[in-house]
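Breakdown of the fold
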Amino acid sequence: EHHRTPMMRSLLFVRAGARVSARGLHSRNVDHLPALDATKLQIQKTDSPRPVPSKEGLPFGKVFADHMLECDWDSTNGWHAPSIRPYGNLSLSPAAMVLHYAIECFEGMKAYKDANGTIRLFRPDCNMERMNNSMARLYLPSFDGEQMIECIKGLVKLDEQWIPEGDGFSMYLRPTAIATDPFLGLQVVNTAKVYVFTSPVGPYYESGFKPIKLYADDKNVRAWPGGVGASKVGGNYGPTISPQMHAAEKDCAQVLWLFPEGDDHYVTEVGAMNVFFVIDTPAGETELITAPLERGDILPGVTRRSLLELARAKGDMIVSERQLGMKEIVQASKEGRLKEAFGAGTAAVVAPIKAIHFKGQDIEMPSGEDIGPVAQGFWNQLTDIQYGRVEHPWSVVVE
């Protein structure tokens, strides 16, 4: 024991208290500690409520509601009683592990008001499932998803006046988990915090859809097989800013992330969204294609999952989760079989693509400056569910 470094001792501790997941990752076993319990939720209302801004011209992610949810955890006492308190800064040690080793993950989800003023969440169970998976990748403690959803409902109800009404308007929710240990060393986390704050947002497209041009980046890689691309960790996002600025210099709105393999480059994601292509097969059938999850480099988006399930239920086209190389895209474009492409994510729902710049050439979509019919259909289906115009189990009423 005396010759082992702190890191070696930490790793021995990891093995002693771990479970092995399907991907071979060790997820933390905390079943012997107190679990998160929504019935213990404590609420401290603000003494200084702020005026709710007009919904017109709301900037994305810059306006925050009056309250936030906090759930603390430590390796001795498990999950503490969750609390809702006035929105405000966090108090962290400068040595907090999150600041040095990026032990952090987050989620993006929304609350909506339907035509009757009823609050709805969209598939929150999927967000909680993915957040627990991200936390397992960082060896952070897991939590009961249903209990966390109940806590989030409490927060949303308390600040319901901050949810703007109308099609395209919503309240963006940002659950976040961080390691708070004040320790300059890489070790198993002993103290952690999950917090949720909210932000009223307007339509992603203020005046109709604006299809974007992409820069297909064959130099920078967003994520790798066996890496953390399938987890929503902050470290996946910061390094994409520099390539994004390069794309902007090429008059492109977003980066189309590629993965090199052999003499081809395979499509993975676009910006911070999943990406879909609609291509007619040589036999004349329509195929919806998005990158597969098996390699672990693609984020399992909730919108991605929803579009795939809707498409398979409708059954009017081939639905494929498979590798799609730039060679195939270029060939399909030359033969007139490339029909549409669009991003998919919580913020935009669907983001139509008008062109892809790849190796000095522009690959243009037939839909041009308009949204294509497949993307439009998905937009209509999803927003009808999100705003309660169609009753669906994915839309969870906050009572």
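Now for a quick tour of the structure. Just so you know, these numbers come straight off a predicted model, no measurement behind them. (Residues numbered from 1 in each chain as written. Predicted model: local features only at pLDDT ≥ 70, side-chain atom pairs only at ≥ 80, totals over all residues. Heavy atoms only, no water.)

Turning our eyes to something else, we now look at unusual backbone geometry. Unusually for a residue other than glycine, Asp 251 sits at a positive phi of about 65 degrees. Residue placement: Asp 251 occurs in the loop between α5 (241–249) and β13 (254–261). Positive phi values are uncommon outside glycine, yet Val 349 reaches one of about 70 degrees. Positionally, Val 349 belongs in strand β19 (residues 349–358). By relative accessible area, Val 349 is classed as buried at 7%. (Helix = DSSP H or I, 4+ residues; strand = E, 2+ residues; numbered from the N terminus. Buried < 20%, exposed > 50% of the residue type's maximum accessible area, 1.4 Å probe, protein only.)

Below, the discussion takes up the packing of aromatic side chains. One pass over the full model with this rule turns up 12 aromatic pairs. Ring centres of Phe 60 and Tyr 172 lie 5.3 Å apart, and the angle between their planes is 65 degrees; on these two criteria the pair is classed as edge-to-face. Residue Phe 60 is found in the loop between β3 (42–43) and β4 (67–74), and its partner Tyr 172 is found in strand β10 (residues 170–179); the two are separated by 112 residues along the sequence. By relative accessible area, Phe 60 is classed as partly exposed at 45%. On the basis of an interplanar angle of 70 degrees and a centroid distance of 5.6 Å, the ring pair of Phe 64 and Phe 197 is categorised as edge-to-face. Here the residue Phe 64 occupies a position in the loop between β3 and β4, and Phe 197 occupies one in strand β11 (residues 191–201), the gap between them amounting to 133 residues. (Phe/Tyr/Trp six-rings, centres within 6.5 Å; stacked < 30°, edge-to-face > 60°.)

Attention now moves to the side chain of Thr 290. Note that Thr 290 resides in strand β16 (residues 286–290). At a separation of 2.7 Å, a polar atom in the side chain of Thr 290 contacts the main-chain carbonyl oxygen of Val 275. Those residues in contact with Thr 290 that sit more than four places away from it in its chain are Val 275, Phe 276, Arg 304, Leu 308, Ser 320, Glu 321 and Arg 322. (Polar contact = N/O pair within 3.5 Å; in protein donor to acceptor, adjacent residues only side chain to side chain. Contact = heavy atoms within 4.5 Å.)

With that settled, consider the pairing of strand β18 (residues 338–345). By the criterion of burial, β18 is predominantly enclosed, with 7 of the 8 residues buried. The sheet contact formed by strand β15 (residues 273–280) and β18 spans 6 bridges and is antiparallel. By the bridge assignment for β18, Asn 274 is matched with Ala 344. Between the antiparallel neighbours β18 and β19 lie 3 residues. (Pairing = 2+ DSSP bridges.)

A few words now on the environment of Gln 44. Tracing the backbone shows Gln 44 in the loop between β3 and β4. By relative accessible area, Gln 44 is classed as partly exposed at 49%. Gln 44 sits 42 residues away from Pro 86 along the chain, and the two C-alpha atoms are 6.9 Å apart. Those residues in contact with Gln 44 that lie beyond four places of it in its chain are His 67, Ile 84, Arg 85 and Pro 86.

This part takes up the side chain of Asp 114. You can see Asp 114 is positioned in the loop between β8 (109–113) and β9 (119–122). For Asp 114, a relative accessible area of 7% gives the class buried. Within the local environment of Asp 114, its side chain forms a polar contact with the backbone nitrogen of Thr 118, the two atoms lying 2.9 Å apart. Polar side-chain contacts of Asp 114 include one of 2.9 Å to the side chain of Arg 120. Other than its neighbours up to four places away in sequence, Asp 114 contacts Arg 120, Tyr 387 and Gly 388.

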